[in-house]
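Understanding the architecture of this molecule
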Amino acid sequence: MTLSEYIEQHSSPESEVLQQITRSTHLEVINPRMLSGHVQGRVLSMLSQMIQPKRILELGTFTGYSALCLAEGLSENGKLITIEHNDEMEDSIRRNLALSPLGEKIELRIGEAKEILKQLGNEIANQSNENGEKHEKGKHIQTLQKENGCAVLLCGDVLRLVAQKCATWEDL
């Protein structure tokens, strides 16, 4: 038995919604292998449930599978913002997110991550200022994590790139 087979056998089953997204992704999308899939989705869900963040920022939505998995662990009033650069995926993503009640906790933004992250930095700074808090625009990701309840999960090459080169939202 391979490790992957073991994990699949000992993980919670894939929900009907996630099964639908998997099927439609394989039928309608050119590169369906980019889908997170069952095992990765359960790991994302587990991490999110352990942290129970108020906010999650996801870079790269694809068809929405991982966003729904991450949303499973959001706190009661939590929100997930997911950024997808490929505007041709928007209808498919919105349709998939609408399949689940968790879709209401997910905000999809279409465009270039660098520009959207600048907007988010400004929005968070403005919200903080409205609440009487002193924050400068473009604060470090760590500040956003600690003071605004934002959990940032970065994987693979993205983590290495951010850790080495990026100090602020604008740098991303």
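These lines cover the structure that appears in this document, whether it is placed above or below. (Residues numbered from 1 in each chain as written. Predicted model: local features only at pLDDT ≥ 70, side-chain atom pairs only at ≥ 80, totals over all residues. Heavy atoms only, no water.)

Glancing now at unusual backbone geometry. At Gln-52, a position not held by glycine, the phi torsion is positive, near 50°. Checked against the element boundaries, Gln-52 lands in the loop between helix 3 (37-51) and strand 1 (55-59). When its relative accessible area of 54% is taken as the criterion, Gln-52 is described as exposed. Phi at Phe-62 takes a positive value of approximately 55°, unusual for a residue other than glycine. Within the secondary structure, Phe-62 sits in the loop between strand 1 and helix 4 (65-71). (Helix = DSSP H or I, 4+ residues; strand = E, 2+ residues; numbered from the N terminus. Buried < 20%, exposed > 50% of the residue type's maximum accessible area, 1.4 Å probe, protein only.)

This structure, assessed with the given rule, holds six salt bridges. Between Glu-28 and Arg-95 there is a salt bridge, with its nearest N and O atoms 2.8 Å apart. Here the residue Glu-28 occupies a position in helix 2 (residues 16-28), and Arg-95 occupies one in helix 5 (residues 90-97), the gap between them amounting to 67 residues. Taking the shortest distance from any N to any O, the salt bridge between Arg-94 and Glu-90 comes out at 2.9 Å. One end of the pair is Arg-94 and the other is Glu-90, both in helix 5 and four residues apart, which spans about a single turn. Of the residues examined, Arg-94 reaches a relative accessible area of 40% and is grouped as partly exposed. On the basis of relative accessibility, which here comes to 25%, the residue Glu-90 falls in the partly exposed class. Here the residues in one salt-bridge network are Lys-79, Glu-107 and Arg-109, joined through shared partners. (Salt bridge = Lys/Arg side-chain N within 4 Å of Asp/Glu carboxyl O.)

The next point concerns helix 5. Every buried residue of helix 5 is listed here: Ser-92, Ile-93, Asn-96 and Leu-97. Down the axis of helix 5, the smallest arc covering the buried residues is 125°, so these residues share one side. Against the buried residues of helix 5 lie helix 2, helix 4, strand 2 (79-84) and strand 3 (106-110). (Arc of directions from axis to C-beta. Contact = heavy atoms within 4.5 Å.)

Here the focus is the pairing of strand 1. Looking at chain direction, strand 1 and strand 2 are connected through five bridges and run parallel. Bridge pairing links Glu-58 to Thr-82 in strand 2. Running through helix 4, the crossover from strand 1 to the neighbouring parallel element strand 2 is right-handed. (Pairing = 2+ DSSP bridges. Right-handed = clockwise from strand over helix to strand, strands pointing away.)

As a further point, take the packing of helix 2 against helix 5. Put simply, helix 2 and helix 5 touch, their axes get as near as 11 Å, and they point 165° apart. It follows that helix 2 is roughly antiparallel to helix 5 by the angle criterion. Crossing handedness for the pair helix 2 and helix 5: right-handed. Together, Ile-21, Ser-24 and Glu-28 of helix 2 and Ser-92, Arg-95 and Asn-96 of helix 5 make up the contact between the two elements. (Axes fitted to C-alpha atoms, helices over the stretch in contact; angles between N-to-C directions. Parallel < 35°, antiparallel > 145°, perpendicular 65-115°, else oblique. Left-handed = near helix turned anticlockwise from the far one by under 90°.)

With 21 residues, the main nonpolar core has Leu-18, Ile-21, Tyr-65, Leu-68, Leu-80, Leu-97 and Ile-106 as its most contacted residues. Sorting the residues of this core by element identifies helix 2, helix 4, helix 5 and strand 3 as the ones contributing at least two each. Considering each element in turn, this core owes the most residues, six residues, to helix 4. Among the nonpolar cores identified, the runner-up in size contains six residues, and Ile-81, Ile-83, Ile-116 and Leu-120 belong to it. (Core = buried A, V, L, I, M, F, W, Y, C linked by side-chain atoms within 4.5 Å.)

Nonpolar side chains collect at one region of the surface, where Val-43, Met-46, Met-50 and Ile-51 lie side by side and expose about 410 Å² of accessible area between them. Take Met-50: it is sitting in helix 3. (Patch = residues over 30% accessible without salt bridge, like charges linked within 9 Å, V, L, I, M, F, W, Y side chains within 5 Å. Areas by Shrake-Rupley, 256 points an atom, 1.4 Å probe, with all protein chains shown as cover.)

Inspection of the secondary structure puts Ser-48 in helix 3. When the C-alpha atoms of Ser-48 and Glu-72 are compared, they prove to be 7.0 Å apart, with 24 residues separating the residues in sequence. Once residues within four sequence positions are removed from consideration, Ser-48 is found in contact with Pro-53, Ile-56, Leu-70, Gly-73 and Leu-74.

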